[in-house]
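A look at the structure
Take a look at the letters that make up each chain.
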Amino acid sequence: MKARLSQVRWDLVLKTAVLIYAATFILGIALSFPLLAALDSAHLSPDSATQASSWISTLLVMVVTGYGALWVAHRVDRAALLHGFLVGLVVAVLSLLLDALFRPLTPVGLLLYA
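On a predicted model such as this, the values are computed, not experimentally measured, just so you know.

Parameters at a glance
Residues numbered from 1 in each chain as written. Predicted model: local features only at pLDDT ≥ 70, side-chain atom pairs only at ≥ 80, totals over all residues. Heavy atoms only, no water. Helix = DSSP H or I, 4+ residues; strand = E, 2+ residues; numbered from the N terminus. Buried < 20%, exposed > 50% of the residue type's maximum accessible area, 1.4 Å probe, protein only. Contact = heavy atoms within 4.5 Å. Core = buried A, V, L, I, M, F, W, Y, C linked by side-chain atoms within 4.5 Å. Expected span 1.5 Å × (residues − 1). pLDDT = per-residue confidence, 0-100.

A few words on the overall build of the protein chain. Looking only at helices and strands, one finds 5 helices and 0 strands in the protein chain. Listing every helix and strand of the protein chain by position from the N terminus yields α-α-α-α-α. Scored against the burial criterion, the 114 residues of the protein chain give a buried share of 27%. Excluding contacts between residues fewer than 6 apart, the proportion of contacts in the protein chain whose partners are at least 24 apart in sequence is 68%.

In structure tokens:
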């Protein structure tokens, strides 16, 4: 296991994970505002609109992280699966830490990281 972890290109993994998190944050905001405006015009409750926006952001994070992990896996020579897994893991941990800083975590919120 040590030999495999020493072969990891941590610079590529960490840079990609931070870029993925930043991209999903920006895209989530860019998609949420028009969505919330459209749902508000449909006279939905604010809680329903916020819940829909949250689910779309969650789906966006999964898709963009998957593509980012695949991109990193194609760029490395060895241990492609490990590199892709580490990208996903770093994005999840980064997202969990930043979410915990700005809002209280609920059991349902923690389940989304599992």
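A word on the side chain of threonine 16. Relative to the elements of secondary structure, threonine 16 occurs in helix H2 (residues 10-41). Residues in contact with threonine 16, not counting those within four places in the same chain, are Gly68, Trp71, Val72 and Val87.

Here we take up the nonpolar core. One recurring pattern in soluble globular proteins: nonpolar side chains tend to sit buried together. The biggest cluster of nonpolar side chains holds 13 residues, and the ones touching the most others in it are Val8, Val13, Leu82, Leu86 and Val87. At the level of secondary structure, the elements contributing two or more residues to this core comprise H2, helix H3 (46-75) and helix H4 (80-102). Once residues lying within four places of it in the same chain are set aside, the contact partners of valine 87 are Val13, Thr16, Ala17, Ile20, Gly68, Ala69 and Val72.

By the element assignment, alanine 92 lies in helix H4. Sequence separation between alanine 92 and threonine 65 is 27 residues; the distance between their C-alpha atoms is 9.2 Å.

With respect to the helices and strands, the residue valine 8 is situated in the loop between helix H1 (2-6) and H2. The spatial distance from the C-alpha of valine 8 to the C-alpha of valine 76 is 8.8 Å, given a sequence separation of 68 residues. When near neighbours in sequence (up to four residues on either side) are disregarded, valine 8 contacts Val13, Leu82, His83 and Leu86.

Before going further, it helps to spend a moment on the environment of valine 87. Inspection of the secondary structure assignment puts valine 87 in helix H4. Residue valine 87 is classed as buried on the basis of its relative accessible area of 0%. Valine 87 sits 67 residues away from isoleucine 20 along the chain, and the two C-alpha atoms are 9.1 Å apart.

Before going further, it helps to spend a moment on the side chain of histidine 83. The topology assignment puts histidine 83 in helix H4. With sequence-adjacent residues up to four places away left out, histidine 83 is seen in contact with Gln7, Val8, Arg9, Val13, Val72, Val76 and Arg78.

Before going further, it helps to examine unusual backbone geometry. With phi around 55 degrees, alanine 79 is a residue other than glycine that occupies positive phi space. Inspection of the secondary structure assignment puts alanine 79 in the loop between H3 and H4.

With 23 residues, H4 should cover 33 Å at 1.5 Å per step; its first-to-last C-alpha distance of 34 Å lies within 8% of that length. For H4, the full list of buried residues reads Leu82, His83, Gly84, Leu86, Val87, Val91, Ser95 and Asp99.

With that settled, the discussion passes to the confidence of the model for the protein chain. Of the residues in the protein chain, 79% reach a pLDDT of 70 or more, and the chain-wide mean stands at 80. Per-element mean pLDDT across the protein chain ranges from 65 in helix H5 (residues 107-113) up to 86 in H4.

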